[in-house]
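The primary structure of each chain is shown beneath.
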Amino acid sequence: MREFGYQRASDVAGAVALLGADPDTRFLGGGTNLVDLMKAGVERPARLVDIRELPLDQIESTPQGGLRIGATVTNGELAAHPEVRRRYPALAQAVLAGASGQLRNMATVGGNLLQRTRCGYFTDVTKPCNKRVPGSGCPAVGGEHHNHAILGASEHCVAVHPSDMAVALTAFDAVVSYETADGPGRLPLGEFYLPVGGTPHRETALPPGALITGVTLPPTPAAANSRYRKVRERASYAFAVGSVAAALDIRDGVVRDVRLALGAVASRPWRAVAAERVLTGAPAGADTYAAAADAELTAARPLPHNGYKVTLMRNLVVAVLTELAEEAAR
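Residues numbered from 1 in each chain as written. Predicted model: local features only at pLDDT ≥ 70, side-chain atom pairs only at ≥ 80, totals over all residues. Heavy atoms only, no water.

A.B. asks: Is there a simple way to think about the sheet that holds strand β9 (residues 226–232) in this case?
C.D. replies: Backbone hydrogen bonds are what pair the strands of a sheet, in a parallel or an antiparallel way. Spatial strand order, β9-β10-β11-β12: four strands in an open sheet with antiparallel pairing. In this open sheet, the two edge strands, each paired with only one partner strand, are β9 and β12 (270–271). Against the sheet, helix α13 (residues 308–329) makes contact with β9, β10 (240–251) and β11 (254–263), and its axis sits at roughly 35° relative to β10, the strand it touches most. (Pairing = 2+ DSSP bridges. Helix = DSSP H or I, 4+ residues; strand = E, 2+ residues; numbered from the N terminus. Contact = heavy atoms within 4.5 Å. Axes fitted to C-alpha atoms, helices over the stretch in contact; angles between N-to-C directions.)

Here it is in C-alpha cells:
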C-alpha cells in the first residue's frame, strides 16, 4: 500500500476544498471498499479526507412525502430505519442482503453508490483492465466471466456493478445530491451511472471534485408493496449473480404502477424500462410478468459462460412480481 496522508474534514465546504486542492485525494467514509482497493494497489491516493463527522448522517421526511438520506448514514442505520422499512421495504431488504452486520455498521450510503466492481481482473493489478488502465484491454471477454454483464456491456468492459442498495434506489427514482466548489447539484440515479461504452473508467456523471451529500427518495405509493430478491452462489454474504428490486400496485386485476430494476446484469443498476411498459395497464398475472421479462431480456447479449443469467433473471422477475401480487391480494 502506498503511504498516504490523512485529514479529517469539519464541514462540507472544507472537504470539497481539500479534494479540489489535490486531485490525488480521496474522500473516506466507512472505507469498506476503498481501503480494500488500496491494499490491492488498485487505488493509490496520496491523501484521505475523512468525512464521517460531517453533518450528513440523518434520515428525514421531505415536505413532499419522500425521504432524504444523508451520505454518511450507515447501511445499518438505513436498513433499520422504521420509515425506510415501512415506505420502501425493498430498500431495507437490499441493504440487509448486501453485507454482514459488521460491514453495514461501517459502510455509508454515499460510499455504497461509489463502490467499484468486484471483477477479478479489475482487482488484480497484474492483469490488464480498461477500468483500471484505459486502453489495456478487457481479458474477461475471453476469460472468466460467468458472473459478468448480459446487458449494456461493450467489448471494452463486461464487469457488473456490485451494489444491492443502488438497485433498489434505481427502482424508486432516487436523486443524488452533491456539493462542488461551484455549488450544489443533483443527479437522478438513472443518470448518475454512465453507460460503459468505450470509457469504462468513467463510471459516474459526478463532476470532478464532487462530494455526495445525500440521496432523496420521492414519494412512491407503490413502493410500500415492494421486494428485493437476490440470488447468490452461497447463502452467506456474497455478491449477487442476479437480483430484482420491484414494486407493484394492482387495482381491479390491472397493473396500475410498477417499478422494476435488475442487479448484477450490467455495469450499472439496470432499470427495466421495457418490462415496465409491458406491465403498466396490463392484466396482472404470470403470463404478463413473463412477457415483461422477455421484453427486457431481448436486449441481452450473454457471453459463452453467463447465458444462464438470461433464464435466471426471467424466472426471478416472474417470481418476485407473483409474490408481490399475492401479498397485495391478501
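Structure shown, so let's carry the discussion forward.
A.B. asks: Help me out: how do you make sense of the pairing of strand β3 (residues 47–50) in this one?
C.D. replies: Here β3 shows two buried faces, one formed by Arg-47 and Val-49 and the other by Leu-48 and Asp-50. Alignment of strand β1 (residues 5–8) against β3, held across four bridges, turns out to be parallel. Bridged to Tyr-6 within β3 is Leu-48. Both strand β2 (residues 25–28) and β3 contribute to a ladder of four bridges, which runs parallel. (Buried < 20%, exposed > 50% of the residue type's maximum accessible area, 1.4 Å probe, protein only.)

A.B. asks: What should I look at first to understand the packing of aromatic side chains in this one?
C.D. replies: Evaluated as defined, the whole model comprises two aromatic pairs. Each ring, one from Tyr-88 and one from Phe-172, has its centre 5.5 Å from the other, and the planes form 55°; the classification is tilted. Residue Tyr-88 is located in the loop between α4 (82–87) and α5 (89–98), and its partner Phe-172 is located in the loop between α9 (165–171) and β6 (175–180); the two are separated by 84 residues in the primary sequence. Just as Tyr-88 is buried, Phe-172 falls in that class too. Consider the rings of Phe-192 and Tyr-193, whose centres lie 4.9 Å apart with planes at 90°: the pair is edge-to-face. (Phe/Tyr/Trp six-rings, centres within 6.5 Å; stacked < 30°, edge-to-face > 60°.)

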